[in-house]
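Descriptive analysis of the structure
Each chain, written out:
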Amino acid sequence: MYQEERIIRIMHYLKENNSISIDQICHLFDVSRDTARRDLVRLEEDRVIIRTRGGAILPSSHHEIKNYEKRLITVSKEKKSIGKRAASLIGEGDKVILDASTTVQSCAEQLNDIPCTIITNSINEAEILSHLKQVDIILLGGMLHKEHRFLYGSSVIEKLSHYRVDRAFIGVVGVSEAGITLAHEEDGMVKRKMIQQASQTIVLADHTKLGVTDFFCIAGLDEIDLLITDQMPDHEFVKLLERFNVELLIA
């Protein structure tokens with residue numbers, strides 16, 4: 001097993017158990033104590049753990065949400081593959097909601113020029129889609145969140161209540177047993193309404209979001225129909241999705 005794969009699994013273990021010992025790493029991954037220490041040094045350098053005398057714990061500080069431009073370049077390869085797979089699900093005549101997230105923006109960037117209707121609260125996505133002649137665009141008006149490039153507020157939610165769509169494509173910060181979660185309540189309230197107005201809810205989340213729980217829950221797993229991600233999750237996460245009847249699609 002390569003170090004990158006071990007590190008992902010170590011982080012999954014930490015998120016479930018809050019701490020891990022060097023002996024546990026050795027037992028779980030059949031590696032030497034020196035290898036286990038090197039893995040923890042790497043994670044400490046990335047500032048995602050705190051090393052202890054016999055292992056590591058998770059820091060108490062909250063996950064920092066980068067601004068929109070920085071998030072566009074984070075795991076960009078994964079986002080492109082997820083976005084391409086999502087775009088392939090949009091057909092002629094579809095009425096679709098695209099939320100304001102960098103992974104969903106990748107879907108907009110790779111959408112074919114077909115006759116369909118897109119509703120969005122993302123000013124970036126509206127601009128991208130405006131170059132497609134056959135796509136009708138409904139941009140939801142409201143307060144502008146300047147840093148993260150989305151429109152929000154009661155006017156957005158009220159406008160959404162008038163539409164019924166085939167699918168809503170939703171980007172998130174975390175997908176876990178607690179549901180799908182975000183850092184910002186104002187964004188979350190809009191996404192919650194988007195989900196309510198759609199016949200099918202499709203969540204787009206790269207592997208770094210799986211098993212993560214953030215501040216504001218927008219929906220339970222039972223409200224999700226399909227999860228598109230870039231890597232096969234571990235067995236426990238797959239069983240969790242099965243329990244809530246969430247279909248899994250690997251891009």
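Residues numbered from 1 in each chain as written. Predicted model: local features only at pLDDT ≥ 70, side-chain atom pairs only at ≥ 80, totals over all residues. Heavy atoms only, no water.

1. With respect to the overall build of the protein
- Counting its regular elements, the protein contains 10 helices and 15 strands.
- Rg of the C-alpha trace for the protein: 19 Å, near the compact-globule value of 18 Å for 251 residues, within the 12% margin.
- For the protein, the spread of C-alpha atoms along the three principal axes comes to 60 × 30 × 30 Å.
- In the protein, which comprises 251 residues, the share counted as buried stands at 46%.
- Partitioning the intrachain contacts of the protein with sequence separation of at least 6 by distance along the chain shows that 57% fall at a separation of at least 24.
- Of the roughly 13,000 Å² that the protein leaves accessible, carbon and sulfur atoms contribute 48%. (Helix = DSSP H or I, 4+ residues; strand = E, 2+ residues; numbered from the N terminus. Rg over C-alpha atoms; globule rule 2.2 N^0.38 Å. Buried < 20%, exposed > 50% of the residue type's maximum accessible area, 1.4 Å probe, protein only. Contact = heavy atoms within 4.5 Å. Areas by Shrake-Rupley, 256 points an atom, 1.4 Å probe, with all protein chains shown as cover.)

2. A short note on the packing of helix 1 (residues 3-17) against helix 2 (residues 22-29)
- Running from N to C, helix 1 and helix 2 point in directions that differ by 125 degrees, and their axes come no closer than 12 Å. The orientation of helix 1 relative to helix 2 falls into the category oblique. Considering how the two elements wind past one another, helix 1 and helix 2 form a crossing that is right-handed. The segment helix 1 lies against helix 2, with Arg 6, Arg 9, Ile 10 and Tyr 13 engaging Gln 24, Ile 25, Leu 28 and Phe 29.
- Of the residues that constitute the contact of helix 1 with helix 2, the class distribution is five nonpolar, one polar and two charged. (Axes fitted to C-alpha atoms, helices over the stretch in contact; angles between N-to-C directions. Parallel < 35°, antiparallel > 145°, perpendicular 65-115°, else oblique. Left-handed = near helix turned anticlockwise from the far one by under 90°. Nonpolar A, V, L, I, M, F, W, Y, C, P; charged D, E, K, R; others polar.)

3. Comments concerning the UniProt feature "domain: HTH deoR-type" (unreviewed entry) in the protein
- Following the UniProt record, the feature "domain: HTH deoR-type" (unreviewed entry) maps to residues 3-58 here.
- For residues 3-58, the end-to-end C-alpha separation is 19 Å, with 64% helix and 14% strand making up the annotated structure. (UniProt positions renumbered as here; feature names shortened; annotations may be inferred.)

4. A closer look at the side chain of Asp 187
- Structurally, the position occupied by Asp 187 is in helix 9 (residues 185-196).
- In contact with Asp 187, not counting residues within four places along its chain, are Ala 100, Asn 121, Phe 150 and Leu 182.

5. Let's talk about helix 2
- Buried within helix 2 are the following residues: Ile 22, Ile 25, Cys 26 and Phe 29. The buried residues of helix 2 occupy one face: seen down the axis, they fall within an arc of 100 degrees.
- Structurally, helix 2 contributes buried residues whose contacts are with helix 1, strand 1 (19-21), helix 3 (33-45) and strand 3 (55-57).
- In the stretch just after helix 2, Asp 30 is the one whose phi turns positive, near 55 degrees. (Arc of directions from axis to C-beta.)

6. Focus on the pattern of salt bridges
- If you walk through the whole model with that rule in mind, you get 12 salt bridges.
- Between Lys 191 and Asp 99 there is a salt bridge whose closest N-O contact spans 2.5 Å. Highlighted residues: Lys 191 in helix 9 and Asp 99 in the loop between strand 4 (95-98) and helix 6 (102-109), separated in sequence by 92 residues.
- Owing to a relative accessible area of 0%, Asp 99 belongs among the buried residues under this scheme.
- Residues joined in a network through salt bridges with shared partners are Asp 99, Asp 187 and Lys 191. (Salt bridge = Lys/Arg side-chain N within 4 Å of Asp/Glu carboxyl O.)

7. Things to note about the environment of Thr 117
- Mapped onto the elements of the fold, Thr 117 is located in strand 5 (residues 116-120).
- Sequence separation of Thr 117 and Val 135 is 18 residues, and the distance between their C-alpha atoms is 5.9 Å.

8. Here we look at the packing of helix 2 against helix 3
- Following both chains from N to C, one finds helix 2 and helix 3 inclined at 110 degrees, their axes separated by 9 Å at the closest point. Here helix 3 runs roughly perpendicular to helix 2, going by the angle between their axes. In this structure, helix 2 meets helix 3 at a crossing whose hand is right-handed. Contacts between helix 2 and helix 3 involve Ile 22, Asp 23, Ile 25 and Cys 26 from the former and Arg 33, Ala 36, Arg 37 and Leu 40 from the latter.
- When the residues that make up the contact of helix 2 with helix 3 are grouped by side-chain class, the tally is five nonpolar, no polar and three charged.

9. Quick notes on the nonpolar core
- Ranked by size, the top nonpolar core spans 31 residues in total, and within it Leu 160, Val 172, Val 175, Ile 180, Val 203, Ile 218 and Leu 227 carry the most contacts.
- Those elements that place two or more of their residues in this core are helix 8 (154-160), strand 9 (165-171), strand 11 (179-182), helix 9, strand 12 (198-204), strand 13 (216-219) and helix 10 (235-243).
- If we ignore the near neighbours within four places in the chain, the residues touching Val 203 are Ile 170, Val 172, Val 175, Ile 180, Ile 224, Leu 226, Leu 227 and Ile 228.
- Of all hydrophobic cores here, the second largest spans 22 residues; its members include Leu 98, Ile 118, Leu 204 and Leu 249. (Core = buried A, V, L, I, M, F, W, Y, C linked by side-chain atoms within 4.5 Å.)

10. Some remarks on the sheet that holds strand 15 (residues 247-250)
- One open sheet accounts for seven strands, arranged 6-5-4-9-12-14-15; its pairing is parallel. Of all strands in the sheet, those with a lone pairing partner are strand 6 (135-139) and strand 15, marking the two edges. Direction aside, neighbouring strands of the sheet carry axes that sit 20 degrees apart on average.
- Pairing analysis gives four bridges linking strand 4 to strand 5, with the strands arranged parallel. Pairing of Val 96 across the sheet is with Ile 118, part of strand 5.
- Seen against the sheet, helix 5 (residues 76-87) touches strand 9, strand 12, strand 14 (226-229) and strand 15 and runs at an angle of roughly 140 degrees to strand 14. (Pairing = 2+ DSSP bridges.)

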